[in-house]
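Here's the letter readout for the chains.
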Amino acid sequence: MDCIALDGQLYGWEDTDMRILCNLGHGTHGAVEKVHHRPSNAVMALKRIPLTVNKTEQKKLVIDLDTAMKSGKCSHIVQYYGAVIGEGVVWLCMEVMDTSLAHLCDIVYKETKSSIPENVLGKIAISVVKGLHYLNSTMKIPHRDVKPSNILVNRKGEVKICDFGVSGHLVDSVQKTRESGCKPYMAPERINPESDVLNNEYSICSDIWSFGITMVELATGTFPYEKWVSPIQQLQQVVDGDPPRLPPDKFSKDIEDFVAKMLTKKVEQRATCVDLLEHPFVKKYEEEDVDMAGYFSTVMEKQCDLNENVQGH
Ligand code: ATP
Ligand code: MG
């Protein structure tokens, strides 16, 4: 699919049509830039991923990318405009957001030494669970890489998940954690070689676990597994250890239970998206008005102030 689809219009892919505006971030494998696409006058995010997978995997990737392009109709997932597979590289064009929850978490907990309020967590949870539910029930794909850096937000107060389906084919996340010492968001059944689920297709249940880990990190500012151990030991903690919980007496019973229902090691007992959408924590914040736009804008401005102070000194 060597073209970009925007507002029902198709544009041929030309490198020269893209003007780089700024750098949006860098992951383990590639860079993401904010670009202006001249023919459509649209501003979008362009992600470059080096291809290290074999031909069979590439085929799967193309199928997945096709699915990703049909992502347009859900307001909780980042829209994809097009993908180009070149020599050893994939270019992905997608909707541009302002920042990721990983970055937001850093600003809130490390730089401003505050915490993300529970009502904001409530609204984030609603968007992510609805996004995962849409991926699973309508697009029929699991996410495969749920974590704070794959949940994006903007100053309008929107929360959207990105990098679904695709990244799982590009880099095996168990292998990635082993090699690079990444934080293990993946569920115990993805790691444990004795688990029955491993031979089956990746399922949404594993995404729910990863979102549980993500929620604990967003609520506390810390990743719930110890970091100093080796990557293998780190994975072992997920398989052998007790599932993480929110620290007692700091949060409402509703959010404690919401997290516990996701972080259930037995897959059959873990909550599904439908269960979570019926949970009192979700119900409560579905009815409450929370100024998400105001919250995200304030946090992002704080970072701009901090940057100016650093530059000024
Ligand atoms: P990893 O490579 O371990 O999966 P990652 O998710 O941070 O980590 P990328 O997906 O390459 O890596 O993204 C790098 C950063 O770019 C993200 O953390 C995010 O801040 C930013 N980013 C990615 N996509 C967008 C987008 N559509 N709009 C705005 N920023 C984005
Ligand atoms: Mg990502």
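Cut-offs used in this document
Residues numbered from 1 in each chain as written. Chains lettered and ligands numbered in written order. Predicted model: local features only at pLDDT ≥ 70, side-chain atom pairs only at ≥ 80, totals over all residues. Heavy atoms only, no water. Pairing = 2+ DSSP bridges. Helix = DSSP H or I, 4+ residues; strand = E, 2+ residues; numbered from the N terminus. Phe/Tyr/Trp six-rings, centres within 6.5 Å; stacked < 30°, edge-to-face > 60°. Buried < 20%, exposed > 50% of the residue type's maximum accessible area, 1.4 Å probe, protein only. Expected span 1.5 Å × (residues − 1).

Q: Hey, could you go over the pairing of strand S4 (residues 31-37) for me, with residue numbers and the actual values?
A: Relative to S4, strand S3 (residues 18-26) runs antiparallel, the two sharing seven bridges. Residue His26 lies in a different strand from S4, and its bridge partner there is Ala31. Here S3 hands over to S4 after four residues, the two strands then running antiparallel side by side. Pairing analysis gives six bridges linking S4 to strand S5 (residues 42-50), with the strands arranged antiparallel. Across the sheet, Val32 pairs through a bridge with Lys47, a residue of S5. With antiparallel pairing between neighbouring strands as the criterion, S4 and S5 make up a hairpin whose turn holds four residues, including Asn41 at a positive phi of roughly 65°.

Q: Residues and numbers for the packing of aromatic side chains, please.
A: Remark: the centre distance and the inter-plane angle together describe each pair of aromatic rings, the angle taken between the planes. The final tally for this structure, using the stated rule, is six aromatic pairs. Judged by centre distance (5.2 Å) and plane angle (80°), the ring pair of Tyr80 and Phe164 falls under edge-to-face. Residue Tyr80 is found in strand S6 (residues 80-86), and its partner Phe164 is found in the loop between strand S10 (159-161) and helix H4 (166-170); the two are separated by 84 residues along the sequence. When its relative accessible area of 2% is taken as the criterion, Tyr80 is described as buried. Overall, Phe164 belongs to the buried group, its relative accessible area being 0%. Relative to Tyr225, the ring of Phe223 has its centre 6.1 Å away and its plane inclined at 50°; by these criteria the two rings are tilted. Taking the relative accessible area as the measure of exposure, Tyr225 reaches 8% and is therefore buried. Aromatic rings pair up to connect Tyr185, Phe223 and Tyr225 into one cluster.

Q: Mind laying out helix H3 (residues 118-137), listing which residues take part and the relevant values?
A: Across its 20 residues, H3 extends 28 Å between first and last C-alpha, which sits within 8% of the 28 Å expected from 1.5 Å per residue. With 15 of its 20 residues buried, H3 lies for the most part within the structure.

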